[in-house]
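Residues per chain are reported as follows:
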Amino acid sequence: MEKHWWKALAVIILVYVIIAGFTIEIPIIGTNGQSSRGLFFHVPMWICMYTMFTISVVNSLLYLSKYDLRRDAYASAAASVGVFYGVLGFATGTLWATYTWGGSFTRDPKQMLTAVALMIYMAYLVLRLSIPDIDKRARISAVFNIFAFALLIPLTYIIPRMVDSLHPGSATTPGFASSDTDNHMKWVLYPAFLGWTLLSVWIYTLLVRYKKLELKNIFK
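Note that this is a predicted model, so its numbers are computed, not measured.

Peer 1: Looking at this structure, I do not really get the pattern of salt bridges. What am I missing?
Peer 2: A side chain with one charge can pair with a side chain of the opposite charge if their charged atoms come near. For the structure shown, the criterion picks out 2 salt bridges. Notably, a salt bridge pairs Asp 68 with Arg 70, separated by 3.0 Å at the nearest N-O pair. Relative accessible area serves as the criterion here: at 47%, Arg 70 is assigned to the partly exposed category. Arg 128 is the salt-bridge partner of Asp 72, the closest N and O atoms lying 2.8 Å from each other.

Here it is in structure tokens:
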């Protein structure tokens, strides 16, 4: 039971984040209004996505160095969870944009480039399904995963910060800072980072267990 304490912590934190996220007072800034509550759900999704994609690419690199199929399974599991959280991040961002940008889908660089990055990772998952040979699939997938991760940061972080965008943190739109974010919002935002990340790790461990069972069935 002791080794599962972090799972209980994740549940407690997320219950707090969900309740507080919808009930605390927040500053009404410009067109954001009450939609600023999306901060507690939208941004942590990206943190989880980056965490999972990092775990995935590290395991792909380790696979290429040792050709251990367990590493390929870990990479695949992490990428799947990363895509899941990426879609959630994109969906919550799209909902937020509906109320602040006047439309769900715009030509905003951040939104478009994030969609491209997610499609690259979805292609990685589709690629895995299209190669029946397990060793060949592992090698090709590992190389593709490294390519996908190499594009992830430029597409979702660097380029959007260099161009004009409606999204906070761009060249012309400042990100959330002390000047436009109530300090008590951080009492929800920071636990949200931890809670959602712990949940993503929890989902990842469950998927890893499933994939290990698959490998046992293949090599038994």
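Peer 1: When you look at helix H1 (residues 5–23) in this model, what are you seeing that I'm missing?
Peer 2: Given 3.6 residues per helical turn, the α-helix brings residues three or four places apart onto the same face. For H1, which comprises 19 residues, the first-to-last C-alpha distance of 27 Å matches the rise-based estimate of 27 Å (1.5 Å per residue) to within 8%. When H1 is considered as a whole, its buried residues turn out to be Trp 6, Lys 7, Ala 10, Ile 13, Leu 14, Val 17, Ala 20 and Gly 21. Taken down its axis, H1 places every buried residue within 165° of arc, on the same side. Away from its buried face, by an angle of more than 90 degrees, H1 presents the exposed residues Trp 5, Ile 12, Ile 19 and Thr 23.

Peer 1: How should the packing of aromatic side chains be read in this particular structure?
Peer 2: For any two aromatic rings, the description comes down to two numbers: the centre-to-centre distance and the angle of the planes. Enumeration over the complete set of coordinates arrives at 9 aromatic pairs. With a centroid separation of 5.4 Å and an interplanar angle of 80°, the aromatic rings of Tyr 63 and Tyr 67 are classed as edge-to-face. Relative accessible area serves as the criterion here: at 2%, Tyr 63 is assigned to the buried category.

Peer 1: Explain the UniProt feature "transmembrane region" (unreviewed entry) in the protein chain here, please?
Peer 2: According to UniProt, the feature "transmembrane region" (unreviewed entry) maps to residues 9–29, 41–64, 76–99, 111–130, 142–159 and 187–207 in the numbering used here. Taken end to end, residues 41–64 has its terminal C-alpha atoms 35 Å apart, with 100% of it in helix and 0% in strand. Along residues 142–159 the backbone is 100% helical and 0% strand, and the end-to-end C-alpha distance reaches 25 Å.

Peer 1: What is the right way to read unusual backbone geometry from this model?
Peer 2: A negative phi angle is the norm for most residues apart from glycine, just as the trans form is the norm for most peptide bonds. Phi angles above zero are rare outside glycine, and Tyr 67 is one such case at about 55°. Structurally, Tyr 67 can be placed in the loop between helix H2 (39–66) and helix H3 (69–100).

Peer 1: Is there a simple way to explain H2 in this structure?
Peer 2: A rise of 1.5 Å per residue sets the reference length of H2, with its 28 residues, at 40 Å; its end C-alpha atoms lie 41 Å apart and thus fit the reference within 8%. Residue Tyr 67 follows H2 closely and has a positive phi angle near 55°.

Peer 1: Help me understand the side chain of Ser 141, please; the structure alone is not making it clear to me.
Peer 2: Assignment of secondary structure puts Ser 141 in helix H5 (residues 134–162). With a relative accessible area of 0%, Ser 141 lands in the buried category. A distance of 3.5 Å separates polar atoms of two side chains, one belonging to Ser 141 and the other to Arg 128. Setting aside chain neighbours within four positions, we find Ser 141 in contact with Asp 72, Tyr 124, Leu 127 and Arg 128.

Peer 1: How do you make sense of the layout of surface pockets when you look at a structure like this?
Peer 2: To locate leftover empty space, one rolls a probe as large as a water molecule over the atoms. There is about 300 Å³ of room inside the second largest pocket. If you trace the second largest pocket, you find 14 residues lining it, with Ser 76, Arg 128, Arg 137, Lys 211 and Glu 214 closest to the centre. Every element with two or more residues in the lining of the second largest pocket is listed here: H3, helix H4 (109–130), H5 and helix H6 (183–219). Considering only residue class, the lining of the second largest pocket consists of 7 nonpolar, 2 polar and 5 charged.

Peer 1: Help me understand the nonpolar core, please; the structure alone is not making it clear to me.
Peer 2: Nonpolar side chains in soluble globular proteins tend to end up buried together. With 38 residues, the main nonpolar core has Phe 40, Met 49, Trp 196 and Tyr 204 as its most contacted residues. A per-element tally of this core places H2 first, with 9 residues. Core analysis: the second largest hydrophobic core is formed by 7 residues, Leu 69, Ala 73, Ile 134 and Ala 138 among them.

Peer 1: How should I be thinking about the environment of Leu 199 in this particular structure?
Peer 2: By secondary structure assignment, the location of Leu 199 is in helix H6. C-alpha separation for the pair Leu 199 and Trp 6, spaced 193 residues apart in sequence, amounts to 9.4 Å. Each residue touching Leu 199, except ones within four places of it in the same chain, is listed here: Ala 10, Leu 14 and Tyr 85.

Reading the values: rules and limits
- Residues numbered from 1 in each chain as written.
- Predicted model: local features only at pLDDT ≥ 70, side-chain atom pairs only at ≥ 80, totals over all residues.
- Heavy atoms only, no water.
- Salt bridge = Lys/Arg side-chain N within 4 Å of Asp/Glu carboxyl O.
- Buried < 20%, exposed > 50% of the residue type's maximum accessible area, 1.4 Å probe, protein only.
- Helix = DSSP H or I, 4+ residues; strand = E, 2+ residues; numbered from the N terminus.
- Expected span 1.5 Å × (residues − 1).
- Arc of directions from axis to C-beta.
- Phe/Tyr/Trp six-rings, centres within 6.5 Å; stacked < 30°, edge-to-face > 60°.
- UniProt positions renumbered as here; feature names shortened; annotations may be inferred.
- Polar contact = N/O pair within 3.5 Å; in protein donor to acceptor, adjacent residues only side chain to side chain.
- Contact = heavy atoms within 4.5 Å.
- 1 Å grid on protein atoms, 1.4 Å probe; cavity = no way out; pocket = protein on both sides within 12 Å on 5 of 7 lines; lining within 4 Å.
- Points joined across faces, edges and corners; volume = space filled by probe spheres on them.
- Nonpolar A, V, L, I, M, F, W, Y, C, P; charged D, E, K, R; others polar.
- Core = buried A, V, L, I, M, F, W, Y, C linked by side-chain atoms within 4.5 Å.

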